[in-house]
Amino acid sequence: MTLSRSDFGESFTWGVASAAFQVEGAWNVDGKAPSVWDEAVRRGRVRGGTVALDGIDALHRLDEDLDLIAAMGVGANRFSVSWPRVMGDGRGPWNDAGGAYYDRVIDGCLARGLEPWLTVHHWDLPLALEREGEWSRRGIVEDFAAFAEQLARRFGDRVTNWMVFNEPLSVIGHIAGGIHGRLGPHPMQALASLHHMNLACAEAGRRMREVLGPDARIGTTNVFTLAAPFEGADARLRKAQRALEALLVDAFLDPAAGRGYPFDDSPFLRPMRRYVQPGDLELTRFDYDFMGVQYYGPLPMRSVPLPTLVRRLCLGVAGPWLLFTIVVYVFAFVGGFVQTWGRDYTPTLNHFITAFDMQWGEFGLVWAGTAWNSLFTTLKLAGVAAPL
């Protein structure tokens, strides 16, 4: 299939995207405090990590980079704000020198006819908050909401499109595996973090809406990994498929839609009940204007014969916790991607788009990222608003 720009229509917005840690460099400049990724580099958790401390030096080469983006002919630039660059240990006070960089980003985009799309958080948690318990600490809900509110107050006069959190499931995987701290598995910390992220995103959204008003578009972004059983899937495999998708997809969308968590569908999620306090399910609800979709490929599934003892262990008390870590940390981000690269899973994605419209149609759909093998055969079919 050969597609051209005109096939997507005049209202379709093409854009580019980056994350602060990926591009900014200047990791200790102008009062920026360390992030968890700066510390991961120091501890040798990132191969060749010293390069990451410089990135592409976007902080010092901003005008050149924005000129290159504008020359590509796209209409939008999605970027994220480094939490420790503007608020140090995560709670402030506001760092004017760090905030001035993002003023330059936004003003530079507007001067070049690029629509700025601001991602509030793209993984670079202040190291000070990580040492207090990171996302497994319930108090981080208030810390994150206050950070998001500050961004809305300082940049809301020029930014219309906002994404609250980029791929919380990925961070859940980092926590489960212990990338930033003691090596895992840490399934219970990951489950507590999942719930706290949902609370934090909803509270941030409410505070941003109060500051920005009804004209702003506030969304968030998730990586959606669908399970894809091979042909001839039996009822047991379909049940396992539902359990996986309840964890990888529904656990983030259902709470935002006011439906709570799909505990009955997934043994992976049931231990999380202990972290859900009275009134929480109302607090996780937020009427997002759109839901950003990042899709890299499905998670292939095949039945594997297991001895009875092993199968009972997997279904026992400790089994779901261990399986949670394996699924999130390994298969969802390694096995699924490697096994599907270069294969056409367009039908799987089309199925998700249809299901999304049926189950969560109150949220608009915005394309935020993809694996290239699926991009050109799905974007037009999806009818999404803006691939960023």
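The model shown is predicted, which means the values in this text are computed figures rather than measured ones.

A. The packing of helix α9 (residues 168-177) against helix α10 (residues 187-212), seen in detail. At their nearest, the axes of α9 and α10 sit 8 Å apart, and the two run at 155° to each other. Taken together, the axis directions place α9 and α10 in an arrangement best described as roughly antiparallel. Of the two possible hands of crossing, α9 and α10 adopt the one that is right-handed. Contacts between α9 and α10 involve P168, V171, I172, I175 and A176 from the first element and Q189, A190, S193, L194 and M197 from the second. Looking at the contact of α9 with α10, its residues break down into eight nonpolar, two polar and no charged.

B. Just α9, in detail. Taken across its ten residues, α9 has ten buried, putting it largely inside the fold. Of the residues making up α9, those classed as buried are P168, L169, S170, V171, I172, G173, H174, I175, A176 and G177. Where α9 terminates, the next one or two residues include G178, which has phi positive at roughly 75°.

C. Layout of the side chain of T220. Its place among the elements puts T220 in strand β5 (residues 217-223). On the basis of relative accessible area, T220 is assigned to the buried category, the value being 5%. A distance of 3.1 Å separates the side chain of T220 from the backbone oxygen of F165, its partner in a polar contact. Aside from chain neighbours lying at most four places away, what touches T220 is M163, V164, F165, Y288, F290, M291 and G292.

D. Expanded view of the packing of aromatic side chains. Under the criterion given, the structure shown has 13 aromatic pairs. When the ring of F144 is compared with that of F165, the centres are 6.0 Å apart and the planes differ by 45°; the resulting orientation is tilted. With a gap of 21 residues between them, F144 in helix α8 (residues 140-155) and F165 in strand β4 (residues 161-166) connect regions that are remote in the sequence. For the pair F144 and F165, one class covers both residues: buried. Aromatic rings pair up to connect W83, W135, F144, F147 and F165 into one cluster.

What counts, and at which threshold
- Residues numbered from 1 in each chain as written.
- Predicted model: local features only at pLDDT ≥ 70, side-chain atom pairs only at ≥ 80, totals over all residues.
- Heavy atoms only, no water.
- Axes fitted to C-alpha atoms, helices over the stretch in contact; angles between N-to-C directions.
- Helix = DSSP H or I, 4+ residues; strand = E, 2+ residues; numbered from the N terminus.
- Parallel < 35°, antiparallel > 145°, perpendicular 65-115°, else oblique.
- Left-handed = near helix turned anticlockwise from the far one by under 90°.
- Contact = heavy atoms within 4.5 Å.
- Nonpolar A, V, L, I, M, F, W, Y, C, P; charged D, E, K, R; others polar.
- Buried < 20%, exposed > 50% of the residue type's maximum accessible area, 1.4 Å probe, protein only.
- Polar contact = N/O pair within 3.5 Å; in protein donor to acceptor, adjacent residues only side chain to side chain.
- Phe/Tyr/Trp six-rings, centres within 6.5 Å; stacked < 30°, edge-to-face > 60°.

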